[in-house]
Amino acid sequence: MQKVIRHRELARLRNLLTRHWAAAVVGRTGLGKNSLLKALEANWEGTVIRVPCNSSESTTPYSGIDILLTAVGALKNRSSILSADGASTTSVSSRTEAGVEVDSPAVLDADVERRAGGESTAALADAAIDALCATQPPENTLIVIAGADEMDDHSQSVLGQIIRRLPSGRFRIAVSAHSITSESPLGPIACVELRDLSHDELIELVHRLTDGRIADESARIAASAASGRPLALRHILDAMNRSERLGESALTIPVRTGRAGDSLMRDIIGNPGTETLALLRLLSLAPSTPCRPLLARVPGFWEIVDELEARDIVERRGAYLRITHGLVRAWAHQSMSSSERIAGHEQLAEDCAEFDSRLEHWHSSFSRPTEQSAPTLIDDSRSFIRQGASEAGIEFVERAMRVSSEEEALATGLLDVAQMLYERSEFVFASRYVRIVARSSRRSLAVRARTLDIQITFAQRQTLPSHLLNSWTRAELAEVPADVARLQLILSICRSERGEYAEADELLRAAQGASNHLGEPERQLLEAAMIRVESSRGRDLTALRSFTAMRTRDSEGLEPDYVLSVASGLMLTEHYESAQAALALLRDNSDRGTIWRTQALCLQAETAVRAGHLRQANELIDSIGSREDDAAHVRPDRLLTLRCWQLLIAGRASDAEPVEAQLAALATATDNRRLLAELNALQGSALLRMGYPAEAVRHLHRCDELSTAEVSPNVRRHESDLIEALIEIGRREHAGLLVQQLRKRVERCHSRWAELALSRCEALLASGEKSSELFNLALRSWRPQDSLFEKALTHTAFARRLNDLGSGPRAREQFLTAASIFAEVGAERLAEGDGSQASLSAAATAPPVLPQLSELSEEELKVVELVRAGLKNKEIARRVFVSLRTVELRLTAVYRKLNVGSRTELVSRLAGNPRLAAV
């Protein structure tokens, strides 16, 4: 197994020693201080002197400094041990342990007299510094003092003076300590402070230490028990046998910590008293214990509990008590002999019989196991999981697996447990139990396990098996058609969510062939799959019918995937209030810690965005981000997309960059074209609002390429932004083609949003007063239920168009109306205005330099803009997609209308005109 080395902190320590000549590593026991110093020594280019400190010598004044000076003095007489790279190392723990007659500096004997005479610490430090310098060590000599805070107080004071006053030169000093405060003698030293590792960091370390040869569930158990300490993690992994590491057998909970447990415990709880130790040992025997029987067995029970609770070692949940610190529980459990543990289980089984039969079953499985112990423990585990105690439920399952003589007998119960854990985002152990059930000889269980495995994977990574119709065998299709149909329908729903509608439709039709065999849950999934496919085509009939029927059904009998699909279908067909009502029903009937609640919140936020209720959307996104459960691991595609939208709409483009990078990486890793299209749509829209139409076109065009499978224009909502961006950069012919395509799509697939967006695009493309007429017509047709945000965008586009036409006051009026609506719906950043809107507002109040510009057609005005930008006629022709001859004819007409005789005169007269935007 690899060593535990914190490479980031090691780099920081090396950096400190290049800038300073002394540095410290600070942290609690088990965080890797000594490993860090050893790694520093191993690659040090020069002589290394180790000065170990021992707490047993802390009562002897100046013993620490005595050892330090002895070690450095040994440079003259020691037998050097050369490493492969030429570095030499000396280690001593006292003057006599150097193994040679030490020509130690004469300062040591003089020090004794000075101590007796009350010589000051500063004077002793001066003498020690002289002695250190007198040894004339080689260049770049590193002195390593492990456990400097275990030195006696006098030595720490002298060492602090040495650190502050030793002249820079040949020495570098690296020390380790539990803590160094500003009042500490070592306070001035630059520090690398080691913190507890997070759970995710520990998981990463597990895989690095084991070269990836460990099951996810075993890594999870080890990381949780290590409680942030990498040294403890290594000892836990060392104590695991091969089958446990690979997840091939029941996991040992609590874990074993090996011989290192005692030193770690001293740092965590010191030296516990007899009663405290007795309580910890009893609590270590079960994931939870009733308080009442413990009162009679442990004197001073509540005082001990209060102290341990204040130190985050135990936790009270109602009438129950449990150890929350994984290392403490492991150590307390390991501190007993097997006979002591059995006796404890017998006592607690008797005690718990009166209070909690589940815990009686638990303790009896150790003291008096029977054939019924395993299935009983499985049943009890479900009870714990329903109560939100998933960790206790998992421990019960692992115990059931250990005492069971036949894996097949537990398969049905394990599958139920896996489903419950999946719904509570405990994906690691849900996958573990699914893998076990998938080995079952019963086809129904094997197919159901396969289905659940697909759901677990999709919830985490949105990936699916590459094959479609060969996820089941003919024998399975003939023997368990309902289970196979459920598998097909889950796959169909997932394919629809990825925008793979042809595959989703194929799976849906395959499942419909078994409609006579379907029960109520499968029938709901059949409707759900139909809604997903139909709503992508703009059809709302099935979604509306299902929503009406759903309100009359028993809410407890509704499949969550069914409710989510109904809500999604209603959202995509613009029945926003009904969609929110369906999602509110799902939220009200889902436990707070379930994935259904998280997914409902995400879909509610997306519905609010589409409806133009931006303030509500922001509040929902914030509520998802503030949750303390595992919400971040459920549908990261939805969470990241919403977070990206939130940052971009707020104008926080720099903050959005890391989120965009995560989204792009996820979409690429999962080959998710729909997610990549959504990201490009968000980026293009933001760039357009920020005044960068050329960059917006690039992203929106990429979105268009990735959205060829979308029938409904309301699904992606990128086309109107693409058309507007193309108009902004002068590609009006291209924009006109897209308007025609959008018009045909609206005719084939009705969408109120698309109708309003189309009317805005047509008004932008129109010339002169026709454009104003179309904008006024579009705004007059707005209904109360239509999106106010989209209305504000239309007012903004109208303002820009009026400004181009020379109607400054009218443009300002439209701009102010747009700003008012933006503020109302929660788009404050757009209400304040970006750079492009600010220039628009200023231009709206300034008179045009050339009133004749209003006489030009849209085509002629665009040519004028490009001429002013410095483009040649051929470049203009390519930019606006016309022939060179057409550009020349338009320029001739411009010369005549503006009464200029040449290109140079035209550019000169156009200089400073506020009505022409830079291209």
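Residues numbered from 1 in each chain as written. Predicted model: local features only at pLDDT ≥ 70, side-chain atom pairs only at ≥ 80, totals over all residues. Heavy atoms only, no water.

### Let's talk about the overall build of the chain
As a reminder, the rule being used: The helix and strand labels rest on DSSP assignments: H or I over at least four residues marks a helix, E over at least two residues marks a strand, and numbering proceeds from the N terminus. Each residue gets one of three labels from its accessible area relative to the maximum for its type: buried under 20%, exposed over 50%, partly exposed in between, using a 1.4 Å probe on protein chains only. Residues count as neighbours in contact if any of their non-hydrogen atoms are within 4.5 Å of one another. Only the protein chains shown count as covering a residue, and every accessible area follows the Shrake-Rupley method with a 1.4 Å probe.
Across its full length, the chain carries 48 helices and 10 strands. The buried share of the chain, taken over its 919 residues, is 55%. In the chain, once contacts between residues fewer than 6 apart in sequence are set aside, the share between residues at least 24 apart is 71%. On the chain, roughly 39800 Å² of surface is accessible, and the fraction owed to carbon and sulfur atoms is 48%.

### What about the pattern of salt bridges?
We apply this condition: The term salt bridge refers to a side-chain nitrogen of Lys or Arg lying within 4 Å of a carboxyl oxygen of Asp or Glu.
Taken as a whole and assessed by the stated rule, the structure comprises 61 salt bridges. One salt bridge in this structure joins arginine 234 and aspartate 238, with 3.9 Å as the shortest N-O distance. Here arginine 234 and its partner aspartate 238 are both found in helix α9 (residues 230-239), 4 residues apart, which amounts to about one turn of the helix. With a relative accessible area of 22%, arginine 234 lands in the partly exposed category. Using a relative accessible area of 43% as the deciding quantity, one classes aspartate 238 as partly exposed. Across the salt bridge formed by glutamate 828 and arginine 615, the nearest N and O atoms sit 2.7 Å from each other.

### Quick word on the packing of helix α34 (residues 673-689) against helix α35 (residues 693-706)
Definition in use: As a rule, the C-alpha atoms of each element are fitted with a line to give its axis, helices using only the stretch in contact, and angles between N-to-C directions run from 0 to 180 degrees. In this scheme, roughly parallel covers angles under 35 degrees and roughly antiparallel covers those over 145, while 65 to 115 is roughly perpendicular and the rest are oblique. We call a crossing left-handed when the near helix sits turned anticlockwise from the far one by less than a right angle, and right-handed when that turn is clockwise.
Axis separation between α34 and α35 bottoms out at 8 Å; the angle between their running directions is 160 degrees. On the basis of the axis angle, α34 is roughly antiparallel to α35. The two elements α34 and α35 meet at a crossing, and its hand is left-handed. Seen from α34, the contacting residues are Arg673, Leu676, Ala677, Asn680, Ala681, Gln683, Gly684, Ser685, Leu687 and Leu688; seen from α35, they are Pro693, Glu695, Ala696, His699, Leu700, Arg702, Cys703, Glu705 and Leu706.

### Topic: the environment of glycine 64
Along the polypeptide, glycine 64 turns up in helix α3 (residues 63-73). Sequence spacing of glycine 64 and leucine 159 is 95 residues, and the spatial spacing of their C-alpha atoms is 8.8 Å. Apart from the residues within four sequence positions on either side, glycine 64 is in contact with Met151, Asp152 and Ser155.

### Observations regarding empty space enclosed by the protein
We apply this condition: Of the two site types, the cavity is a set of points on a 1 Å grid over the protein atoms alone where a 1.4 Å probe fits but cannot get out, and the pocket is an open set with protein on both sides within 12 Å along at least five of seven lines, each lined by residues with an atom within 4 Å of a point. Grid points are joined across faces, edges and corners, and a volume is the space filled by probe spheres set on the points. Polar here means any residue other than Ala, Val, Leu, Ile, Met, Phe, Trp, Tyr, Cys and Pro, which are nonpolar, and Asp, Glu, Lys and Arg, which are charged; Gly is therefore polar.
One pass over the full model with this rule turns up 10 cavities of 30 Å³ or more. Roughly 730 Å³ of volume is contained in the largest cavity. In terms of lining residues, the largest cavity is bounded by 31 residues, among which Val609, Trp645, Leu682, Arg716 and Arg717 are the most central. Elements supplying a minimum of two residues to the lining of the largest cavity: α30 (595-611), α32 (636-649), α34, α36 (713-716), α37 (719-728), α39 (752-765) and α41 (788-804). By residue class, the composition of the lining of the largest cavity is 14 nonpolar, 6 polar and 11 charged. By volume, the second largest cavity amounts to about 320 Å³. Lining the second largest cavity are 19 residues; nearest its centre among them are Glu497, Arg532, Ser568, Leu603 and Arg638. Of all the secondary structure elements, the ones that give two or more residues to the lining of the second largest cavity are α24 (481-497), α26 (520-535), α28 (560-572), α30 and α34.

### Here's the deal with α9
This is how it is decided: Arc, as used here, means the arc of the directions from the helix axis to the C-beta atoms.
Those residues of α9 lying buried are Pro230, Ala232, Leu233, Ile236 and Leu237. All buried residues of α9 lie within an arc of 150 degrees about the axis, which places them on one face of the element.

### Observations concerning unusual backbone geometry
In terms of backbone geometry, most residues other than glycine have negative phi values and most peptide bonds are trans. With omega at 0 degrees, the peptide bond leading from isoleucine 253 into proline 254 counts as cis. Along the chain, proline 254 falls in the loop between α10 (242-245) and α11 (261-269). Backbone geometry at aspartate 671 places phi at a positive 55 degrees, although glycine is not the residue there. Within the secondary structure layout, aspartate 671 lies in the loop between α33 (653-669) and α34. Accessibility expressed as a relative area gives 57% for aspartate 671, which makes it exposed. Even without being glycine, arginine 717 reaches a positive phi, approximately 60 degrees. Topologically, arginine 717 is positioned in the loop between α36 and α37.

### Notes on the nonpolar core
Let me state the cut-off plainly: Residues belong to a common nonpolar core when they are buried Ala, Val, Leu, Ile, Met, Phe, Trp, Tyr or Cys residues joined through side-chain atoms within 4.5 Å.
Membership of the largest hydrophobic core comes to 134 residues, with the highest contact counts inside it found for Leu233, Leu279, Tyr422 and Tyr433. Those residues in contact with leucine 279 that sit more than four places away from it in its chain are Leu294, Val298, Phe301, Ile304, Val305 and Leu308.

### Structural notes on the sheet that holds strand β8 (residues 289-290)
What counts here: A strand pair is defined by DSSP finding two or more bridges across the two strands.
Here 3 strands make up an open sheet; going across it, the order is β8-β10-β9 and the pairing antiparallel. Each having just a single partner strand, β8 and β9 (314-317) make up the two edges of the open sheet. The pairing of β9 with strand β10 (residues 320-323) spans 4 bridges and is classified as antiparallel. Bridging across to β10, arginine 317 finds its partner in tyrosine 320.

### Topic: the packing of aromatic side chains
We apply this condition: The rule is short: rings of Phe, Tyr and Trp, with Trp giving its six-membered ring, pair when the centres are within 6.5 Å, and they are stacked under 30 degrees, edge-to-face over 60, tilted in between.
Applying the stated rule across the entire model yields 9 aromatic pairs. Look at phenylalanine 384 and phenylalanine 396: their rings are 4.9 Å apart centre to centre, the planes differ by 45 degrees, and that puts the pair in the tilted class. Of this pair, phenylalanine 384 sits in helix α18 (residues 373-386) while phenylalanine 396 sits in helix α19 (residues 390-403), and the two are 12 residues apart along the sequence. Residue phenylalanine 384 is classed as buried on the basis of its relative accessible area of 5%. Plain terms: the ring middles of tyrosine 422 and phenylalanine 427 are 6.2 Å apart, the flat faces sit at 45 degrees to each other, and that makes the pair tilted. In this structure, tyrosine 422 and phenylalanine 427 share a single accessibility class: buried.

### Overview of the packing of α18 against α19
It is the contact of α18 with α19, at a shortest axis distance of 8 Å, that shows an interaxial angle of 170 degrees. Here α18 is positioned roughly antiparallel relative to α19, judged by the angle of their axes. For the pair formed by α18 and α19, the contact residues are Ser373, Ala374, Leu377, Ile378, Asp380, Ser381, Phe384 and Ile385 on the first element and Ser390, Ala392, Gly393, Phe396, Val397, Arg399, Ala400 and Val403 on the second. Considering only residue class, the contact of α18 with α19 consists of 10 nonpolar, 4 polar and 2 charged.

### Describing the confidence of the model for the chain
Selection rule: Confidence of the predictor at the level of single residues is given by pLDDT, which spans 0 to 100.
Confidence in the prediction of the chain, expressed as mean pLDDT, is 86, and 89% of residues score 70 or more. Across residues 77-118, where pLDDT falls below 50, the model places 71 contacts with residues more than four positions away in sequence or in other chains. Low pLDDT, under 50, characterises residues 912-919; the stretch is placed with 29 contacts to residues that sit more than four places away or in other chains.

### Brief notes about the side chain of serine 568
Looking at where serine 568 falls in the secondary structure, it is placed in helix α28. For serine 568, a relative accessible area of 7% translates into the label buried. With residues near it in sequence (within four places) discarded, serine 568 still touches Arg532 and Leu603.

### Concerning helix α14 (residues 301-310)
Buried within α14 we find Phe301, Ile304, Val305 and Leu308. Burial along α14 is one-sided: seen end-on, the buried residues are contained in an arc of 100 degrees. Relative to its buried face, α14 has exposed residues pointing more than 90 degrees away, namely Glu303 and Ala310. Looking at the buried residues of α14, the elements they touch are α12 (274-283), α13 (291-297), β9 and β10.

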